[in-house]
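# Architecture at a glance
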Amino acid sequence: DEIVQELQDTGRVLVVYFEDLSHSLPAQVDRLADFLEVPLSAAKRAAIIEACSFGAMKKQSGSVAAVTLRKGVVGDWKNHMSRTEWERFDQAFDEALDGVALAEPLRYHQTWEVDGMPPPRLSVALDNDPRTWPKFDRKTIVDGHVVRDGLIT
């Protein structure tokens with residue numbers, strides 16, 4: 001993590017996450033082209049986006065991708081793990097990678113459900129003390145990624 005942080009400051013490293021590619025492939029292609037300082041015509045950009053799509057990679061017969069690629073969706077782990085199993089994964093993730101900036105954006109993508117939302121307005125009354133609401137981690141956006149906010153710990 002320290003090496004990547006140092007290199008990112010020099011502009012020599014670009015970190016790309018699968019989840020970002022899945023959600024916004026065109027924007028990530030643009031980001032990569034900008035990083036590499038490679039101008040892309042509209043036709044070239046469209047061709048790259050098509051060639052890098054999950055469907056195109058899955059169709060390549062005889063390639064390793066045809067065997068190793070499964071669904072290409074974010075969050076499919078919810079179909080294979082229980083909430084209890086995922087809580088164990090989160091605990092192991094925190095023990096191994098807490099404080100590693102490179103891993104921080106992954107927390108958002110691996111969240112079972114979005115936390116930190118106040119109760120619906122209709123359920124709020126004078127006897128509903130906000131201090132009794134479920135605990136949550138504040139979030140903020142850094143470089144387009146949702147990460148924990150260190151403002152209040």
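Residues numbered from 1 in each chain as written. Predicted model: local features only at pLDDT ≥ 70, side-chain atom pairs only at ≥ 80, totals over all residues. Heavy atoms only, no water.

Moving on, we come to the overall build of the protein. Within the protein, the secondary structure is distributed over 8 helices and 2 strands. Listing every helix and strand of the protein by position from the N terminus yields α-α-α-α-α-α-α-α-β-β. Within the protein, the fraction of its 153 residues that count as buried is 17%. Of all intrachain contacts in the protein linking residues separated by at least 6 positions in sequence, the fraction that spans at least 24 positions is 41%. About 11600 Å² of surface is accessible on the protein, with carbon and sulfur atoms providing 58% of the total. (Helix = DSSP H or I, 4+ residues; strand = E, 2+ residues; numbered from the N terminus. Buried < 20%, exposed > 50% of the residue type's maximum accessible area, 1.4 Å probe, protein only. Contact = heavy atoms within 4.5 Å. Areas by Shrake-Rupley, 256 points an atom, 1.4 Å probe, with all protein chains shown as cover.)

Bringing the confidence of the model for the protein into the picture now. Predicted coordinates in regions of low pLDDT should not be interpreted in detail. When pLDDT is averaged across the protein, the result is 78; 73% of the residues are at 70 or more. Of all the helices and strands in the protein, helix α6 (residues 64-68) carries the lowest mean pLDDT, 67, while helix α4 (residues 42-51) carries the highest, 95. (pLDDT = per-residue confidence, 0-100.)

Let us look at the pattern of salt bridges. Across all of its chains, the model carries 1 salt bridge by this definition. We note a salt bridge from R45 to D30, for which the minimum N-O separation is 2.6 Å. On the criterion of sequence distance, the pair formed by R45 in helix α4 and D30 in helix α3 (residues 25-36) is long-range, its members being 15 residues apart. Judged by relative accessible area, R45 falls into the partly exposed class, the value being 27%. (Salt bridge = Lys/Arg side-chain N within 4 Å of Asp/Glu carboxyl O.)

Once that is clear, we can look at a nonpolar patch on the surface. On the surface, L32, L36 and V38 cluster together to form a nonpolar patch covering roughly 250 Å² of accessible area. Inspection of the secondary structure assignment puts L36 in helix α3. (Patch = residues over 30% accessible without salt bridge, like charges linked within 9 Å, V, L, I, M, F, W, Y side chains within 5 Å.)

Let us now look at α3. The terminal C-alpha atoms of α3, which comprises 12 residues, lie 16 Å apart, in line with the 16 Å expected from a rise of 1.5 Å per residue. Residues of α3 that are buried: L25, Q28, V29 and A33. All buried residues of α3 project into a common sector of 140° when viewed along the axis, lining one side. Tucked inside the fold, the buried residues of α3 contact α2 (18-23) and α4. Phi for E37, located one or two positions after α3, is positive at around 55°. (Expected span 1.5 Å × (residues − 1). Arc of directions from axis to C-beta.)

Our next topic: unusual backbone geometry. The phi torsion of most residues other than glycine is negative, and most of the peptide bonds are trans. We note that E37 has phi near 55°; this positive angle belongs to a residue other than glycine. Within the fold, E37 resides in the loop between α3 and α4.

Next up on the list: the environment of G75. With respect to the helices and strands, G75 occurs in the loop between α6 and α7 (83-97). Note: C-alpha distance between G75 and H109 (34 residues apart in sequence) is 7.2 Å.

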